[in-house]
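Single-letter residue listing:
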Amino acid sequence: MPDNGAPVINYGLVGVYIADSKICKVDGTAGRLYYRGYSIDLLAKNSSYEEVCYLILYGHLPTNEELDSFKKKLIDARPLPDMVIDVIEEFAKKQDPMDTLRSAVSALSAYDNKMDDRTESANLDRGVNLISKMASIVATIGRYRRGGGYVQPDSSLSHAENLLYMMNGTKPSQKDAKLLDLMLILHAEHSSNASTFSTLVAGSTLADLYSAVTSGIAALKGPLHGGADEAALKMMKTIGDPDNTETYIDEALKGKNKIMGFGHRVYKTYDPRAMIIKNDLMSLQENESQEVKTLTAIALRAEKMMIDRLGKTHGIWPNIDFFAGPIYVSMGMSIEMFTPIFAASRIVGWCAHMIEYWKDNRIFRPLEYYSGPLDLQYVPVGERK
Ligand code: ACO
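Residues numbered from 1 in each chain as written. Predicted model: local features only at pLDDT ≥ 70, side-chain atom pairs only at ≥ 80, totals over all residues. Heavy atoms only, no water.

Enquirer: Any details on the side chain of Thr196? Residues and values, ideally.
Expert: Counting through the fold element by element, Thr196 comes out in helix α9 (residues 194–203). What makes Thr196 buried here is its relative accessible area of 1%. With residues up to four places along the chain from it excluded, the contact list for Thr196 reads Ser191, Arg346, Trp350 and His353. (Helix = DSSP H or I, 4+ residues; strand = E, 2+ residues; numbered from the N terminus. Buried < 20%, exposed > 50% of the residue type's maximum accessible area, 1.4 Å probe, protein only. Contact = heavy atoms within 4.5 Å.)

Enquirer: So, the site of the ligand: which residues are in play, and what are the values?
Expert: Around the ligand, the surrounding shell holds 19 residues, and the nearest of these are His225, Lys258, Ile259, Phe262 and Arg265. In the environment of the ligand, an oxygen atom lies 2.8 Å from a nitrogen or oxygen atom belonging to the backbone of Gly261. Asn319 is positioned with one of its side-chain polar atoms (N or O) 2.9 Å from an oxygen atom of the ligand. For the ligand, whose free accessible area comes to 910 Å², the fraction covered by protein is 65%. Two domains share the shell around the ligand, each providing at least three of its residues, namely domain 1 (24–224 + 337–360) and domain 2 (228–330). (Near = heavy atom within 4 Å. Polar contact = N/O pair within 3.5 Å; in protein donor to acceptor, adjacent residues only side chain to side chain. Areas by Shrake-Rupley, 256 points an atom, 1.4 Å probe, with all protein chains shown as cover. Domains from an automatic or database assignment.)

Enquirer: Describe the pattern of salt bridges, with residues and values.
Expert: Pairing between side chains of opposite charge can happen when the charged atoms of each approach one another. Using the criterion set out here, one finds 18 salt bridges in the structure. With a closest N to O distance of 2.7 Å, Lys72 and Asp76 form a salt bridge. Taken together, the residues span about one helical turn, with Lys72 and Asp76 both in helix α3 (residues 64–76) at a distance of four residues. On the basis of relative accessibility, which here comes to 49%, the residue Lys72 falls in the partly exposed class. For the salt bridge of Arg301 with Asp243, the shortest nitrogen-to-oxygen distance reads 2.9 Å. Of this pair, Arg301 sits in helix α14 (residues 290–314) while Asp243 is found in the loop between α11 (228–239) and α12 (245–254), placing the two residues 58 residues apart along the sequence. (Salt bridge = Lys/Arg side-chain N within 4 Å of Asp/Glu carboxyl O.)

Enquirer: Talk me through the pairing of strand β1 (residues 24–27); I want residue IDs and the actual numbers.
Expert: A one-sided burial pattern is seen for β1, the buried positions being Cys24 and Val26 and the unburied ones Lys25 and Asp27. Judged from the four bridges that link them, β1 and strand β2 (residues 32–35) form a sheet pairing that is antiparallel. From the neighbouring strand, Val26 faces β2, where its bridge partner is Leu33. Hairpin geometry of β1 and β2 is characterised by an intervening segment of four residues between the two adjacent antiparallel strands and by a positive phi of about 70 degrees at Gly31. (Pairing = 2+ DSSP bridges.)

Enquirer: Got a sec to walk through the sheet that holds strand β3 (residues 38–39)? Specific residues and values, please.
Expert: Pairing between sheet strands relies on hydrogen bonds along the backbone, with the strands arranged either parallel or antiparallel. The three strands lie next to each other as β1-β2-β3, forming an open sheet whose pairing is antiparallel. Two strands close off the open sheet at either side, each with one partner strand: β1 and β3. Where β2 lies against β3, two bridges are found, and the strand directions are antiparallel. Opposite Tyr34, over in β3, you have Ser39 as the bridge partner.

Enquirer: How would you summarise the packing of helix α10 (residues 209–220) against helix α16 (residues 338–358) if you had to cite specific residues and measurements?
Expert: Orientation of α10 relative to α16, taken along the N-to-C sense of each, is 135 degrees, at an axis distance of 9 Å. Judged by the angle between their axes, α10 and α16 are oblique. The chirality of how α10 crosses α16 is right-handed. Between α10 and α16, the residues in contact are Leu209, Ala212, Val213, Gly216, Ile217 and Leu220 and Thr339, Phe342, Ala343, Ile347, Trp350, Cys351, Met354 and Trp358, respectively. The class makeup of the residues in the contact of α10 with α16 is twelve nonpolar, two polar and no charged. (Axes fitted to C-alpha atoms, helices over the stretch in contact; angles between N-to-C directions. Parallel < 35°, antiparallel > 145°, perpendicular 65-115°, else oblique. Left-handed = near helix turned anticlockwise from the far one by under 90°. Nonpolar A, V, L, I, M, F, W, Y, C, P; charged D, E, K, R; others polar.)

Enquirer: Break down the environment of His60 for me, citing the residues and quoting the values.
Expert: With respect to the secondary-structure elements, His60 resides in the loop between α2 (49–58) and α3. Along the backbone, His60 and Asp308 are 248 residues apart, and their C-alpha atoms lie at a distance of 40 Å. Once you skip the residues sitting within four places of it in the chain, His60 turns out to touch Tyr54, Leu55 and Glu66. Of the polar contacts made by the side chain of His60, one reaches the side chain of Tyr54; its length is 3.4 Å.

Below, the structure written as structure tokens:
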């Protein structure tokens, strides 16, 4: 305890464990990530977003029958209620897509005719519905922002393919669908990060799943969390020419500015997801546009400089958001849709954690040390100076 009698305050809850979980292990020292015991490298190489969702929600890899039935549930849940489409149409061009996403997801509770059923099985069904509809909502927000109208989902397409189809109105190339599927797998889950914690805080009051994940969406929006992918790409665009990279980073660091897409509360080494994205980006180069090539060149020079300056000494390495931007650009995705796509993936992590936490729920109620005055005299308004 400090000399003035104040308790030690864990700003940002650094070092505080909030739950015992079997969903995800982040090894920030070795730079390893596991979903339900499977390494992210294995899943990224062999799995699909649908299979990873099943794994995260139900705790084991599905059999063929289980996967088929899960995919069917996701496909059946894709169409959006008319009122939700109206919400998107009204707001899509007037506000940030993350704000529209928050409102549209919140509106989904109006279509849940079993709101009072809080059993685990009802919440798992709700989770599947949310995973499916979040993708349709994100796609539709992207579509309306570009001036298009609602595209009916196509049940012959995978989750990633259908998201791109509903967003663009045309069926995606195999390359784009595979890339999006990979990005969805990599963003699906990451233990008690800010948005998952926010979901848990809201849900720990026994508010419903829609309220809880709406809180998660709100937390994901900020540039210190999910919004970093957009911020990192904006920085690369501002740098413009690869030869400007070192000067830009140098000046930013001298000005005590953070370089978005670097640093992590848990990883003090290379984020394994960033490495997978970087490797994919490098393998794409040959057939890419000049824009993607330039962004990649800037990213690589920034990465080298940051690792030299802050990597080994300060543990500040690239995180998942750093190389994501050029990958999304290569898919023709608008910058403001990066974070909503992240949300459409992370929804499974939010739901799985919430359902797990409810098994042994306790309301979150940390303490605050009051350092203000006490017993002040009340002076009537007319007598105040
Ligand atoms: N660029 C430059 N310096 C940095 C960076 C960075 N990206 N990140 C941290 N630092 C420095 C801080 O300035 C601070 O330095 P100081 O001790 O001299 O004041 C020190 O490293 C510790 O940084 P904190 O912000 O206190 O670390 P914290 O663990 O609280 O925050 C965070 C982690 C938010 C991710 C931070 O590294 C950051 O802001 N990074 C940039 C934003 C970003 O990329 N966020 C995405 C994270 S991944 C995700 O959410 C999906």
